[in-house]
Amino acid sequence: MGSWLLVAGLHATPGFSAESPGTPVRLEASIVDDTTGEPLAARVAVTDHESKFLEIEGRHAHVQYLGKRWCYVDSSFALVVPTGGASIEIRRGFETKPLTATISSKPSKKPIQKTFRLRRWIDMAAKGYVKGDIHAHLPVPKEAHPQMRRRT
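Thresholds, definitions, all that
- Residues numbered from 1 in each chain as written.
- Predicted model: local features only at pLDDT ≥ 70, side-chain atom pairs only at ≥ 80, totals over all residues.
- Heavy atoms only, no water.
- Salt bridge = Lys/Arg side-chain N within 4 Å of Asp/Glu carboxyl O.
- Helix = DSSP H or I, 4+ residues; strand = E, 2+ residues; numbered from the N terminus.
- Buried < 20%, exposed > 50% of the residue type's maximum accessible area, 1.4 Å probe, protein only.
- Polar contact = N/O pair within 3.5 Å; in protein donor to acceptor, adjacent residues only side chain to side chain.
- Pairing = 2+ DSSP bridges.
- Axes fitted to C-alpha atoms, helices over the stretch in contact; angles between N-to-C directions.
- Core = buried A, V, L, I, M, F, W, Y, C linked by side-chain atoms within 4.5 Å.
- Contact = heavy atoms within 4.5 Å.

(A) Highlighting the pattern of salt bridges. Enumeration according to the criterion identifies 10 salt bridges in this entry. Among the ionic pairs, Arg120 bridges to Asp33, the shortest N-O distance being 4.0 Å. Of the two residues, Arg120 is situated in the loop between strand S10 (112-118) and helix H1 (141-148) and Asp33 in strand S3 (residues 25-33); the sequence distance between them amounts to 87 residues. Judged by relative accessible area, which is 39%, Arg120 ranks as partly exposed. Asp33 sits in the buried class, given a relative accessible area of 9%. For Arg120, the salt bridge identified is with Glu95, shortest N-O distance 2.1 Å. Here the residue Arg120 occupies a position in the loop between S10 and H1, and Glu95 occupies one in the loop between strand S8 (86-91) and strand S9 (99-103), the gap between them amounting to 25 residues. On the basis of relative accessible area, Glu95 is assigned to the buried category, the value being 16%.

Okay, structure coming up:
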């Protein structure tokens, strides 16, 4: 059985729906560590189908980097996905693989609930290293490596 669209003063037309396939829908997303499920802060860039930046909801810091406008979020974010969908890119430091996803704007009365699971490609802490400032001027090679090792 097909859907019907009723227009005032006209007859019903089979095959048409009151909601178009590109109706904007709200996305409510969380970002977690793939292994532990722990919530993670990250930076997020969202663009529409024309590669225009989309703002996520709420207050958060921004940075212009890699030709994109990034929003820093603390483990969750929300936005309205426009007609035509959106592309989402999520990054978190050097140990985590970048994540990209496409969200289509399918008609829905309920928000899309999405969990983005970030995966590490390496666990430096497990190898005895600690996080630190990666910006260095003229490190002395014989001293640079020991400075990176974890002190126990």
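(B) Geometry of the side chain of Ser105. Relative to the helices and strands, Ser105 resides in the loop between S9 and S10. Exposure remark for Ser105: the relative accessible area of 4% places this residue in the buried category. Only 3.4 Å separates the side chain of Ser105 from the backbone oxygen of Val81, close enough to count as a polar contact.

(C) The sheet that holds S9, seen in detail. Taken together, 5 strands build an open sheet; the order of strands is S5-S6-S4-S8-S9 and the sheet is antiparallel. Where the open sheet ends on each side, the last strands, each with one partner, are strand S5 (62-65) and S9. For this sheet, the mean angle separating the axes of adjacent strands, direction not counted, is 30 degrees. Relative to strand S6 (residues 68-74), strand S4 (residues 41-48) runs antiparallel, the two sharing 4 bridges. Directly across from Arg43, in S6, lies its bridge partner Tyr72.

(D) Geometry of the sheet that holds S10. Taken together, 3 strands build an open sheet; the order of strands is S7-S3-S10 and the sheet is mixed. Each edge of the open sheet is held by one strand with a lone partner, namely strand S7 (76-81) and S10. Neighbour-to-neighbour, the strand axes of the sheet open up by a mean angle of 25 degrees, direction not taken into account. Relative to S7, S3 is paired through 6 bridges, and the arrangement is antiparallel. Note that in S7 the partner of Ala29 across the bridge is Phe77.

(E) Representation of the nonpolar core within the structure. Of all hydrophobic cores here, the largest spans 23 residues; its most connected members are Ile31, Phe77, Ile88, Ile90 and Phe116. Of all elements in the fold, only S3, S4, S6, S7, S8, S9 and S10 reach the threshold of two or more residues within this core. If you tally residues by element for this core, the top one is S3, at 4 residues. Setting aside residues up to four positions removed in sequence, Phe77 forms contacts with Leu27, Glu28, Ala29, Ile31, Val44, Ile56, Ile88, Ile90 and Phe116.

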